[in-house]
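As a plain string of letters, each chain reads:
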Amino acid sequence: IGPGVVKALRPHSNKVFDVHLMISPVDPFLEEFANAGADIITVHPEAGPHLHRTIQEIKRLGKKAGASLNPATPPSAIDHVLADLDLVLVMSVNPGFGGQAFITSQLDKLRVLREKIDSMDRPIDLEVDGGINFETAPLAIAAGADVLVAGTATFKGGPDAYAGNIETLRGGA
């Protein structure tokens, strides 16, 4: 969704708006998303020439900063900016469309990142997105994820099933 949709939704919710910008170049759009009401702006290291500068701009705009790692992007891609981040997003599918299968090699990436984050003296969320369902959610949590992004599994069964699906994904059923 674009900044116009974020802006239109913002007055209707006090929930955290975590926007994942899969655009390149990303820098020209940061201020527009910040002004629209995003709370967290997550970018890919490959989306601009200077990840550190991009993160600093997000912070200057008064927002939390995240970095997203595609399946082939190693954890080391963010080693030198990890201390500046509020969120690390591990893509457990190749971004592009919903309903893809979870790439199990990303569990190792989550474990590595969890260890790095835990060694720091500040809170950093470790988020995972892609192929999260009732089978993969517990695996991602066990590997260190503390935020799950689930689309297809959340909406399975229609509106009457949403709350139960979310509870199951959280490990409550």
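This text goes with the structure placed above it.
Residues numbered from 1 in each chain as written. Predicted model: local features only at pLDDT ≥ 70, side-chain atom pairs only at ≥ 80, totals over all residues. Heavy atoms only, no water.

Caption draft 1: Highlighting the overall build of the protein. On a plain count of helices and strands, the protein comes out with 7 helices and 6 strands. Reading the protein from its N end, one meets helices and strands in the order α-β-α-β-α-β-β-α-β-α-β-α-α. Relative to a compact globule of 173 residues, whose C-alpha radius of gyration would be 16 Å, the protein shows 16 Å and is just as compact. In terms of principal-axis extent, the alpha carbons of the protein reach across some 40 × 35 × 30 Å. Among the 173 residues that make up the protein, the fraction classed as buried is 42%. Across the protein, every contact between residues at least 6 apart in sequence was considered, and the portion connecting residues at least 24 apart equals 53%. Working note: accessible area of the protein is about 9200 Å², and carbon and sulfur atoms make up 56% of it. (Helix = DSSP H or I, 4+ residues; strand = E, 2+ residues; numbered from the N terminus. Rg over C-alpha atoms; globule rule 2.2 N^0.38 Å. Buried < 20%, exposed > 50% of the residue type's maximum accessible area, 1.4 Å probe, protein only. Contact = heavy atoms within 4.5 Å. Areas by Shrake-Rupley, 256 points an atom, 1.4 Å probe, with all protein chains shown as cover.)

Caption draft 2: Region of interest: the pairing of strand β3 (residues 64–69). For β3, a buried count of 5 out of 6 residues is recorded, marking the element as mostly surrounded by other parts of the structure. Once you follow strand β2 (residues 40–43) into helix α3 (residues 51–60) and on to β3, the crossover reads as right-handed. As judged from the 4 bridges shared by β3 and strand β4 (residues 87–91), these two strands associate in the parallel manner. The residue bridging Ser 68 from the neighbouring strand is Leu 89, located in β4. (Right-handed = clockwise from strand over helix to strand, strands pointing away. Pairing = 2+ DSSP bridges.)

Caption draft 3: Region of the structure containing the nonpolar core. Core analysis: the biggest nonpolar cluster contains 41 residues, and Leu 30, Ile 41, Ile 78, Leu 85, Val 88 and Leu 110 have the highest contact counts within it. Among all residues touching Leu 30, those that are not within four sequence positions of it are Leu 21, Ile 41, Val 43, Thr 54, Glu 57, Ile 58 and Leu 61. (Core = buried A, V, L, I, M, F, W, Y, C linked by side-chain atoms within 4.5 Å.)

Caption draft 4: Representation of unusual backbone geometry. Along the chain, Ser 24 connects to Pro 25 via a cis peptide bond; the corresponding omega equals 0 degrees. Relative to the elements of secondary structure, Pro 25 occurs in the loop between β1 (18–21) and α2 (30–36).

Caption draft 5: A look at the pattern of salt bridges. For the structure on display, the rule yields 8 salt bridges. The shortest N-O distance in the salt bridge between Arg 10 and Asp 39 comes to 2.9 Å. Taken together, the residues span a long stretch of sequence, with Arg 10 in the loop between α1 (3–9) and β1 and Asp 39 in the loop between α2 and β2 at a distance of 29 residues. The residue Asp 86 makes a salt bridge to Lys 59 at a minimum N-O spacing of 2.8 Å. Linking Asp 86 in the loop between β3 and β4 with Lys 59 in helix α3, this pair joins segments that are 27 residues apart in sequence. Exposure remark for Asp 86: the relative accessible area of 14% places this residue in the buried category. (Salt bridge = Lys/Arg side-chain N within 4 Å of Asp/Glu carboxyl O.)

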